[in-house]
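# Secondary and tertiary structure notes
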Amino acid sequence: MNENQALTAFAAISNATRLRIVRLLVVAGADGRSAGAIGEELGGTPPSRLSFHLSQLEQAGLVVSRREGRSIIYSAIFPALSDLVAFLMHDCCEGHCLVCDQAIELFAKCTGRPTPAARVVQRA
């Protein structure tokens, strides 16, 4: 991710409603949420206003939409969110932080789907 892409992404989530939408979609995982469900979870945001916010997030490359029957389903683009976190953390400790490097590597693997319990490594 370059600086211009990061600025576009940060501008998109610098609005309270859009930040809430991204957080809802992260919780929803790869399956996403319908526009109607997002509106309900936001306390009844008017459809035209919701459409505007979702469009801004889509243009910034943070969410993607797909049609399922009569519904439009929105999902977070996990690699883009991972890239945004990596952009912030890239120069941590002058680029020599093992913990941040491991975190960035793990974020890059996120697909928005639960990890099978057998593969989860518990740390003390």
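Turning our eyes to something else, we now look at the nonpolar core. In this structure, I21, L25, I38, L57 and L62 are the most contacted members of the largest nonpolar core, which totals 22 residues. Those elements that place two or more of their residues in this core are helix 1 (3–12), helix 2 (16–28), helix 4 (47–59), strand 3 (71–76) and helix 5 (78–89). Ignoring anything within four residues of it in the chain, the contact list for I38 reads I21, L24, L25, R33, L50, L54 and Y74.

Here we take up the side chain of T45. Position of T45 among the secondary structure elements: in the loop between helix 3 (35–41) and helix 4. By relative accessible area, T45 is classed as buried at 18%. Not counting the four nearest positions on each side in its chain, T45 is found in contact with G39 and L50.

Relative to the helices and strands, Y74 is located in strand 3. Residues Y74 and G39, spaced 35 residues apart in sequence, show a C-alpha to C-alpha distance of 12 Å. Apart from residues lying up to four places away in sequence, Y74 is in contact with L25, G32, R33, A35, I38, L54, E58, V63, V64 and S65.

So, how was this worked out
Residues numbered from 1 in each chain as written. Predicted model: local features only at pLDDT ≥ 70, side-chain atom pairs only at ≥ 80, totals over all residues. Heavy atoms only, no water. Core = buried A, V, L, I, M, F, W, Y, C linked by side-chain atoms within 4.5 Å. Buried < 20%, exposed > 50% of the residue type's maximum accessible area, 1.4 Å probe, protein only. Helix = DSSP H or I, 4+ residues; strand = E, 2+ residues; numbered from the N terminus. Contact = heavy atoms within 4.5 Å.

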